[in-house]
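Structure at a glance
Listed below, chain by chain, are the residues.
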Amino acid sequence: MVTLMHFQIVSAALFSVGLYGVLARRSAVLILMSIELMLNAVNLNLIAIASFTDPERFAGFIIAIFVITVGAAEVGLALAIVLRMFRNRATVNIDEIELMKW
Amino acid sequence: MIGMEYAWLIPVLSFVAFPLILLLGKFLPGKGSSISIGAIGAGFILFLFVMVDRLSNGATEQAFFKIDWFTVGSVELTWGFIIDPLSVSILGLVTFVALMVQIYSLSYMKDDPRFNWYFGIQAFFAGSMLTLVLADNFLLLYIAWELVGLCSYLLIGFWYERKPAVEAAKKAFITTRLADVALLVGILLLYKQVGSFSMSETFEQAELLMAGANSALSSGTTLIAALLLFVGAMGKSAQVPLHVWLPDAMEGPTPVSALIHAATMVAAGIFLVARTFVIFEAAPDSLLIVAIVGLLTTLMAASMALVMTDLKQILAYSTISHLGLMMLSLGSFGYTAAIFHLMTHGFSKALLFLAAGSVMHGIGRTDIRQMGGLIKVMPLTALAFGIGAVSLGGIPIFAGFWSKDEILLSVLDHRHPIFMILVLVAVFMSALYMARAFFVAFMGEISDENRKGHEAPVFMAIPMILLAILAVTSGLLALEWTDSFRGIGSFIFAHEGHGFEFNLMLGLGSTILATSAFIIAWLIYVKGSISISPFKRTFAPIISIAERKYYLDSAYQGFIDRVVLVFSSLVAKFDRVFVNDFAVNGVAESVKRSAFTLRHHVTGLIYNYAFVMVVGAIVLVAAWWAIAVKG
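Residues numbered from 1 in each chain as written. Chains lettered and ligands numbered in written order. Predicted model: local features only at pLDDT ≥ 70, side-chain atom pairs only at ≥ 80, totals over all residues.

**Concerning the overall build of chain B**
For chain B, the count of helices and strands is 25 helices and two strands. Its C-alpha atoms give chain B principal-axis dimensions of roughly 115 × 65 × 55 Å. Within chain B, buried positions represent 50% of all 631 residues. (Helix = DSSP H or I, 4+ residues; strand = E, 2+ residues; numbered from the N terminus. Buried ≥ 20, exposed ≤ 12 C-beta atoms within 10 Å, placed from the backbone.)

**As for the overall build of chain A**
Along its length, chain A carries three helices and zero strands. Along chain A, from the amino end to the carboxyl end, the secondary structure elements read α-α-α. Taken over the C-alpha trace, chain A has a radius of gyration of 17 Å; the compact-globule value for 102 residues is 13 Å, which it surpasses by more than 25%. Overall, chain A is about 50 × 25 × 25 Å in size when its C-alpha atoms are taken along their principal axes. Relative to its 102 residues, chain A shows a buried fraction of 14%. Contacts in chain A between residues far apart in sequence, at least 24 positions, make up 52% of those at least 6 positions apart. (Rg over C-alpha atoms; globule rule 2.2 N^0.38 Å. Contact = placed C-beta atoms within 7 Å.)

**Quick word on helix H17 (residues 399–414) of chain B**
Residues and elements named next belong to chain B. Between its first and last C-alpha, H17 extends 23 Å over 16 residues, near the 22 Å set by a 1.5 Å rise per residue. Of all 16 residues that make up H17, twelve are buried, and the element is covered over most of its length. Taken together, the buried positions of H17 are Ala399, Gly400, Phe401, Trp402, Ser403, Lys404, Asp405, Glu406, Ile407, Leu408, Ser410 and Val411. In this fold, the buried residues of H17 make contact with helix H14 (311–331), helix H15 (335–363), helix H16 (379–393), helix H18 (417–442), helix H19 (458–473) and helix H21 (504–527). (Expected span 1.5 Å × (residues − 1).)

**Regarding the interface of chain A and chain B**
Contacts between the two partners involve ten residues from chain A and, on the opposite side, eleven residues from chain B. Across the side of chain A that touches chain B, the residue classes tally to seven nonpolar, no polar and three charged. (Nonpolar A, V, L, I, M, F, W, Y, C, P; charged D, E, K, R; others polar.)

**What to know about the packing of helix H2 (residues 33–56) of chain B against helix H3 (residues 85–108) of chain B**
Residues and elements named next belong to chain B. Relative orientation of the contacting elements H2 and H3 amounts to 155 degrees, with a least axis distance of 9 Å. Viewed along their axes, H2 and H3 adopt a mutual orientation that is roughly antiparallel. Taken as a pair, H2 and H3 cross one another with a handedness that is left-handed. When H2 is examined against H3, the residues Ser33, Ser36, Ile37, Ile40, Gly41, Gly43, Phe44, Phe47, Val50, Met51 and Arg54 are found in contact with a partner set consisting of Val88, Leu91, Gly92, Thr95, Phe96, Ala98, Leu99, Gln102, Ile103 and Leu106. Looking at the contact of H2 with H3 residue by residue, the class counts come to 13 nonpolar, seven polar and one charged. (Axes fitted to C-alpha atoms, helices over the stretch in contact; angles between N-to-C directions. Parallel < 35°, antiparallel > 145°, perpendicular 65-115°, else oblique. Left-handed = near helix turned anticlockwise from the far one by under 90°.)

**Details of unusual backbone geometry**
Residue and element names in this part refer to chain B. The omega torsion of the bond from valine 240 to proline 241 falls at -5 degrees, within 30 degrees of zero and hence cis. By secondary structure assignment, the location of proline 241 is in the loop between helix H8 (219–236) and helix H9 (245–248). Phi is positive for alanine 238, close to 55 degrees, though the residue is something other than glycine. Along the chain, alanine 238 turns up in the loop between H8 and H9.

**Examining the packing of helix H10 (residues 254–263) of chain B against H15(B)**
Residue and element names in this part refer to chain B. At a closest axis distance of 8 Å, the pairing of H10 and H15 adopts a crossing angle of 160 degrees. Relative to H15, the element H10 lies roughly antiparallel. Where H10 crosses over H15, the handedness of that crossing is right-handed. The residues of H15 that touch H10, namely those facing Thr254, Pro255, Ser257, Ala258, Leu259, Ala262 and Ala263, are Gly346, Lys349, Ala350, Phe353, Leu354, Ala356, Gly357 and Met360.

**Observations regarding the confidence of the model for chain A**
Averaged over all residues, the pLDDT of chain A equals 92, while 100% of them reach at least 70. Between the elements of chain A, mean pLDDT differs from a low of 93, seen in helix H3 (residues 59–89) of chain A, to a high of 95, seen in helix H1 (residues 4–24) of chain A. (pLDDT = per-residue confidence, 0-100.)

**Regarding H16(B)**
Residues and elements named next belong to chain B. Between the first and last C-alpha of H16 there are 20 Å, a value that for 15 residues agrees with the 21 Å anticipated at 1.5 Å per step. Within H16, twelve of the 15 residues are buried, leaving the element largely enclosed by the surrounding structure. Looking at the buried residues of H16, the elements they touch are H14, H15, H17, H18, H19 and H21. Two residues or fewer past H16, glycine 394 is found with a positive phi of approximately 100 degrees.

**Remarks on the environment of Leu383(B)**
With respect to the element layout, Leu383(B) can be found in helix H16. Through-space distance from the C-alpha of Leu383(B) to that of Ala623(B) is 106 Å; in sequence the pair is 240 residues apart.

Take a look at the structure:
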């Protein structure tokens, strides 16, 4: 039997991997990909809960749709920033972008 | 007909003149002097009307005017004036002498760049002094008292480009201010017991106390209050040891010395004791102290006047000596005599100072060792000075004799014989130093340089002449003139009016003392037949003490240097180190330092920030779990 717990574990695992990517990658593009992974993990979690607990209420599904939409918009914006960054600095290595410090 | 109801105008006119002079003075031909003289002249004329009104309507009754000022809680402050014989007489003295001095100043201060300001302060002083005299409650008196002190400071330090003048002004203000603390405490003490600042209510309670009836005042409090008031009076009227400011005050322009430090402001202390006399009478020991201080002052100041070589200094110490005499008179229940002498001394001393100013104007010097024979170049001034000298010296006919004699009478009647002996010594000395000043300055040989000196111009001469007339004739106030004025004894008195009293023996004795002093001085300084060198040798130690002003100035200076300044440098140090460096700057410094350390957390690396966010999110979830789920 596949229970809700399985879905949530998978979702948690995906989320953790995405989190590790955000914290440990040097390239800005890879960070963005990791953020997308986190968003997908969250979507999975939401839909799993919605399906298993009360499919008649569409709350979870609707939130997932929202997340996808916002994720898309945010990626557009983030890629624009990365592009700009690349054009200015000729690098997407975030280790080298640390001017706004003390 | 203008009567007593308009008396309140007298001070108000001068007060109003002050801002007018400062604002409009520059545009007027007299540069403001016309406003000032106009105000005080009007004041004098009003005084004459008030005086006539008083005499025709029952000379000795009192009249009051009151305007409520404001009330704070249960404390009522009013602006009230009391018109009684005492205030009317001093009103006359002040307005007349102020008028004379201001006319004199037209000439004396003619080329001064701050002519405008001078007359402004003269007007302000006149207003304040007149208010002081007319005040019917202690608070108003105190306000006027302080204002008068302020004007004195401003006028002594008028030529503030000169450092001695600045120092003298500071000294005067600080010394009198110290005394004023005692005055304030005394006033507050009385207020606490009586419940009101009103003088009449306070005097009522004092009279009840004297009669042995139930009074708001207790005898202990009354004694303390009387003594505190007296300390305040000591400051203003230059009693020993608070007299040190008056000789230094001679740094101011001579007309200022004539007005403030001879006739009017220094009279304020005497006036205070006279005005509050009933309080002193309710605590008779206070009067003994007043008499002793007065006697001490008279003798010490007279001895110092004998050895001074600056003309104005001689006159300053003479003033202190005569003020001591007036205090002695008050302390010997000689109320009338003291006020009478206040008036005659006021006229005579003002005359002397104006004459001294004329000498300065004429030859540019005040050291009597550089004078001599000045009568040849300035006869009018010499005559004026001479009249003032014989008046204060106590030669009969002249005014000073009559008032001095009344003082001697009260000392004889009410005090221990030792007072009498000492006061006669003082009388002799006062005649001696006056004669010395006159003979050394005006008689004898005139130096070639002094020959170029000139007599006083018209505006300086006229006040001198008028004051000289008064110095001669004001003695006649002692006698009866009209039905309503039976001599000054019936006009100004503490309890009952009395007619003209004259003790022949006393009068004769003091005349002999005074005349012999003048003769001795003449023989020493003009004829040169008596040499004072043996006298100087025998009394050398005393003479040197007197010349060093009894070391009082050095004592004060030593105290200031060693105690006051040390203490204040300690306080300054505390302020600098603790309050400023530690508390204020310290707080700022610690904030800065912690900020400098904490700023390093802003690394600029995104993954650091992301990590912190994650950690924070985990902490929040854990906390929620612990509280909401577990707890």
